[in-house]
Amino acid sequence: MNTPFRTTNVRPENAVLVYSLNLKKNKAALWAMNGASVLLLFLFGWLFLWYLLRVRPGILAEVASIRFGLFFPIALIGVYAVMIVVHELIHGLFFWIFTRQRPKFGFRGWYAYAAAPGWFFPRRQYVVVGLAPFALLSILGMILMAILPAEMVVIALFVTIINAASSVGDLWVIFRLICQRRQVIVEDQGDGVSFYTLS
């Protein structure tokens, strides 16, 4: 029976590297992630629009009657920028909860990140860290879509879809992590992650 592993900043002597992904070094993986995010735009776009039409059946007619000014595209860009920051802050918050140390934040042009290099997380804790922004912002978006006035619903829908599609890297890493059958610990370096099994 495996002893429960706790988050530590000391790499265990019996840790064996079994998977590593670094987007800074692996440009093919970076492009694949970007391509997958486009596909997820359609998937999550359909899902969240389906949800919106169920909770507010007449919303399309309301939105169609609104005249959106020139300020509207600027508002979308601004909200998108805020969403990126909030997404990474949520990652950072959970890194801090588990390590009690300030996480590292960065921006590479194609992606932003929060990380805790040098810290090793057990599977369950890292799943929480990885999925928190996707789950929390999706739930918040669904709540806002149900209660906001029609002119704001479009923004809420847009941000919810974009956040979910932009979570492609998080979702991929969590999928790979869940597929690992042995006891696994994870180090997040920001540009990538490494999985270690404990022999």
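The structure reproduced in this document is the subject of the present report. Nothing here was measured: the structure is a model prediction, and the numbers come from that model. (Residues numbered from 1 in each chain as written. Predicted model: local features only at pLDDT ≥ 70, side-chain atom pairs only at ≥ 80, totals over all residues. Heavy atoms only, no water.)

### Brief notes about unusual backbone geometry
Phi is positive for Arg100, close to 60°, though the residue is something other than glycine. Looking at the element boundaries, Arg100 is found in the loop between helix H3 (71-99) and strand E2 (104-107). (Helix = DSSP H or I, 4+ residues; strand = E, 2+ residues; numbered from the N terminus.)

### Quick notes on the packing of helix H1 (residues 27-55) against helix H5 (residues 150-166)
Two quantities define a packed helix pair, namely the angle between the axes and the distance from one axis to the other. One way to put it is that H1 packs onto H5 with a least axis distance of 8 Å and a crossing angle of 140°. Considering their axes alone, H1 and H5 lie oblique with respect to each other. The element H1 and its partner H5 pack so that their crossing is right-handed. Mapping the contact onto sequence places Ser37, Leu40, Leu41, Phe44, Gly45, Phe48, Leu49 and Leu52 in H1 and Val153, Leu157, Thr160, Ile161, Ile162, Ala164 and Ala165 in H5. Among the residues forming the contact of H1 with H5, the class breakdown is 12 nonpolar, 3 polar and no charged. (Axes fitted to C-alpha atoms, helices over the stretch in contact; angles between N-to-C directions. Parallel < 35°, antiparallel > 145°, perpendicular 65-115°, else oblique. Left-handed = near helix turned anticlockwise from the far one by under 90°. Contact = heavy atoms within 4.5 Å. Nonpolar A, V, L, I, M, F, W, Y, C, P; charged D, E, K, R; others polar.)

### Focus: H3
The end-to-end C-alpha separation of H3 is 42 Å, in line with the 42 Å expected for 29 residues at 1.5 Å each. All buried positions along H3 are accounted for by Phe72, Ala75, Leu76, Met83, His87, Glu88, Ile90, His91, Gly92, Phe94, Phe95 and Thr99. Residue Arg100 follows H3 closely and has a positive phi angle near 60°. (Expected span 1.5 Å × (residues − 1). Buried < 20%, exposed > 50% of the residue type's maximum accessible area, 1.4 Å probe, protein only.)

### Focus: the side chain of Glu187
Tracing the sequence through the fold places Glu187 in strand E5 (residues 184-188). With no salt bridge to any partner, buried Glu187 finds its closest opposite charge in Arg11, at an N-O distance of 6.6 Å. At 3.3 Å, the side chain of Glu187 and the side chain of Gln189 are in polar contact. Setting aside its immediate chain neighbours within four residues, Glu187 contacts Pro117, Gly118, Trp119, Phe120, Gly192, Val193, Ser194 and Tyr196. (Lys, Arg positive; Asp, Glu negative; His and termini not counted. Salt bridge = Lys/Arg side-chain N within 4 Å of Asp/Glu carboxyl O. Polar contact = N/O pair within 3.5 Å; in protein donor to acceptor, adjacent residues only side chain to side chain.)

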